[in-house]
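Tertiary structure, described
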Amino acid sequence: MTGGTPLRTLDEDDLLDRILPLFGGSDDLVVAPGDDAAVLRTTGETVATTDTAVLGRDWLDAWSSGSDIGHKVIVQNLADVAAMGGTPTGVLITLVADPGLSLEWVLDHAAGLGSACAEAGVAVLGGDLSSAPPGVVMVSVTALGRLDGPVVLRSGATPGDALAVCGSLGLAAAGLRLLETGSEDRHPLAVERQRRPVSPLAQGPVAARAGATAMLDVSDGLVRDGTRLARASGVVLEIVLEALEVDLAEIRGAVGASEALECVLAGGEEHSLLATFPVDLVPAGWRVIGRAREMAAGERPGVLVDGHSVAHTGWDHFRSS
Ligand SMILES: [Mg+2]
C-alpha cells in the first residue's frame, strides 16, 4: 500500500474527483455527494449503524487488497442493518490515512467500497478524508437503512421458537486459518469469504415479515452471537450438532475435523443471519439448527450444543466426536 503515488501529492478536491466516480447512487439519492451534504429520500423509521476497520488490527495488507477491505467493511455494516429487518439504503465512508499511503491503494479500496454498495443497491452518500500519523490507515462506514416491516431485536426469542440460520457458517474462519498457514489452495472459496464476506441481506426483511422473534448477524461466531441473543431474550438456545454437518463437511477436508468444528461454532466474520421464529413460520432459505427453550431453575441464558455448554467444557468434547 506504500509505493506508487503518495496521497500527499494530491489535494483533497483532486482526490475526490478520482474517488467519487467509483461510487454509485440509487433511486433514493436526491442530492449526490459533492455538495455540503447529500440528500436521501426516505420514509418511516431509519436503521443506523457504524463499523470501523483499522490496518494491522482488522486487516493485513499481505492478505487483503484495498478492494477486499472496501467490500468487507461495507458488508459488515449492511449485515447489521439487515439483522434488524432493515433494507440498507445508504452509507457514509470516512478514510483516515497516512499521507504516504498510495493513491493506487485508495482507488482500489474505493472501487471495492463502490462495487459492494452497487451489488446491494446502496447509495454512497458521502464521507470524509483525513490524514493520520505514519502507518495509520482506518476506514469507518456508517450505514442507513429503512424498515418496510417490523424491526427485529435480539430480545424477542420465546421458548419453543425454532433457531434458524441463513447462509454459511465457518467458511470465513476456515479461510483465515488457510491464510495463516499459507495453504489457500486447500479451499479457495473459504479464503474468498474471509476476504469478501457474503451476507444474505435481502433475507433480513424477509425474516422480519415472516415473523422472526429475534435476529442478529453472525459476526463473532455462532456460539458467541447466539449467547448474545439468548441473554437478550432470557432463553436457552439448544443447537443440534447434526444440523451443522453441512457446514462442517464443507471445510473439514481443508482444515481438519477439530478446526472445522471450531470454525463453525466460533468462527467470526461470516455475516450470515441467525434468527428465531415460531416453528411453523421459518421462511424458505433458512435452515433450522435448534430451538429456544425456557431456562431451568438456576440455569442461565446461553447456548448448548448437543446439550453441552461450550463455554464451560471448551472444545474438547466436540473434538472427540
Ligand atoms: Mg451484528
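All values reported here derive from a predicted model rather than from experimental measurement.

**Thoughts on the side chain of N77**
- One can find N77 in helix α2 (residues 66-83).
- A distance of 3.2 Å separates the side chain of N77 from the backbone nitrogen of D51, its partner in a polar contact.
- Setting aside residues up to four positions removed in sequence, N77 forms contacts with T49, T50, D51, V141, T142 and A143.

**Here's the deal with the sheet that holds strand β7 (residues 162-166)**
- The strand order β8-β10-β7-β11-β9-β12-β13 describes an open sheet built from seven strands, whose pairing is mixed. Because the sheet does not close on itself, it has two edges, and the strands there are β8 (214-217) and β13 (308-309).
- Summarising the sheet, strand β12 (residues 302-305) and β13 pair through two bridges and their orientation is antiparallel. Counted as the bridge partner of L304 is S309 from β13.
- Against the sheet, α2 engages β8 and β10 (273-277), with an angle of about 175° to β8.

**Observations concerning a negative patch on the surface**
- There is a patch of like negative charges on the surface, built from D11, E12, D13, D14, D17 and D128.
- Sort the elements by how many residues they give to the negative patch and helix α1 (residues 12-19) lands first, with four residues.

**Looking at the pairing of strand β6 (residues 137-146)**
- In this sheet, β6 lies alongside strand β3 (residues 46-54) in antiparallel orientation, the contact comprising nine bridges. Note that in β6 the partner of T50 across the bridge is T142.

**Concerning the packing of aromatic side chains**
- Within this structure, the stated rule accounts for two aromatic pairs.
- Between W59 and W105, the aromatic rings sit 6.0 Å apart at their centres with planes inclined by 10°, giving stacked as the arrangement. One end of the pair, W59, is in the loop between β3 and α2; the other, W105, is in helix α3 (residues 103-120), and 46 residues separate them in sequence.
- Look at W59 and you get buried, because its relative accessible area is 4%.
- The buried category is assigned to W105, whose relative accessible area is 8%.
- Ring centres of F277 and W286 lie 5.2 Å apart, and the angle between their planes is 75°; this geometry places the pair in the edge-to-face category.

**Some remarks on the packing of helix α4 (residues 171-180) against helix α8 (residues 245-255)**
- At their nearest, the axes of α4 and α8 sit 10 Å apart, and the two run at 5° to each other. It follows from the interaxial angle that α4 and α8 lie roughly parallel. Here L171, A174 and L178 of α4 come into contact with α8, specifically with E250, I251, A254 and V255.
- Residues belonging to the contact of α4 with α8 are distributed by class as follows: six nonpolar, no polar and one charged.

**Re the domain arrangement of the chain**
- Looking at the assigned domains, one finds that the chain contains domain 1 (7-146) and domain 2 (162-319).
- The distance between the C-alpha centroids of domain 1 and domain 2 comes to 28 Å.
- The contact between domain 1 and domain 2 buries some 1600 Å² in all, and 58% of this surface belongs to carbon and sulfur atoms.
- A salt bridge links E269 to K72, with the nearest nitrogen and oxygen atoms 3.1 Å apart.
- At the junction of domain 1 with domain 2, the criterion picks out six residue pairs in polar contact (both at pLDDT 80 or more).

**Structural notes on the coordination of the magnesium ion**
- The protein atoms that coordinate the magnesium ion are D80 (OD) and D217 (OD), at distances spanning 1.9 to 2.0 Å. Taken as a pair, D80 in helix α2 and D217 in strand β8 lie far apart in primary sequence, 137 residues in all.
- Judged by its relative accessible area of 2%, D217 is buried.

**As for α8**
- Inspection of α8 places D247, L248, I251, A254 and V255 among the buried residues, and these make up the whole buried set. Burial along α8 is one-sided: seen end-on, the buried residues are contained in an arc of 130°. Those residues of α8 that are exposed and angled more than 90 degrees off the buried face are V246 and G253.
- Lining the buried residues of α8 we find α4, α9 (257-266) and β11 (287-293).
- In the stretch just after α8, G256 is the one whose phi turns positive, near 90°.

**Focus on the environment of L10**
- In this fold, L10 is placed in the segment before α1.
- Taking the C-alpha atoms as reference points, L10 and W59, separated by 49 residues in sequence, lie 26 Å from one another.
- Every residue in contact with L10, bar those within four places of it in the chain, is listed here: T5, L15, R18 and L103.

**Re the environment of G70**
- Note that G70 resides in helix α2.
- Owing to a relative accessible area of 0%, G70 belongs among the buried residues under this scheme.
- Along the primary structure G70 and G112 are separated by 42 residues, whereas in three dimensions their C-alpha atoms are 4.6 Å apart.
- Not counting chain neighbours up to four residues away, the residues in contact with G70 comprise H109, G112 and L113.

Reading guide: rules and limits
- Residues numbered from 1 in each chain as written.
- Predicted model: local features only at pLDDT ≥ 70, side-chain atom pairs only at ≥ 80, totals over all residues.
- Heavy atoms only, no water.
- Helix = DSSP H or I, 4+ residues; strand = E, 2+ residues; numbered from the N terminus.
- Polar contact = N/O pair within 3.5 Å; in protein donor to acceptor, adjacent residues only side chain to side chain.
- Contact = heavy atoms within 4.5 Å.
- Pairing = 2+ DSSP bridges.
- Axes fitted to C-alpha atoms, helices over the stretch in contact; angles between N-to-C directions.
- Patch = residues over 30% accessible without salt bridge, like charges linked within 9 Å, V, L, I, M, F, W, Y side chains within 5 Å.
- Areas by Shrake-Rupley, 256 points an atom, 1.4 Å probe, with all protein chains shown as cover.
- Salt bridge = Lys/Arg side-chain N within 4 Å of Asp/Glu carboxyl O.
- Lys, Arg positive; Asp, Glu negative; His and termini not counted.
- Charge placed at Lys NZ, Arg CZ, Asp CG, Glu CD.
- Phe/Tyr/Trp six-rings, centres within 6.5 Å; stacked < 30°, edge-to-face > 60°.
- Buried < 20%, exposed > 50% of the residue type's maximum accessible area, 1.4 Å probe, protein only.
- Parallel < 35°, antiparallel > 145°, perpendicular 65-115°, else oblique.
- Nonpolar A, V, L, I, M, F, W, Y, C, P; charged D, E, K, R; others polar.
- Domains from an automatic or database assignment.
- Buried area = accessible area lost by both parts, 1.4 Å probe.
- Donors = N, O, S within 2.8 Å, 3.2 Å for Na, K, Ca; no water.
- Arc of directions from axis to C-beta.

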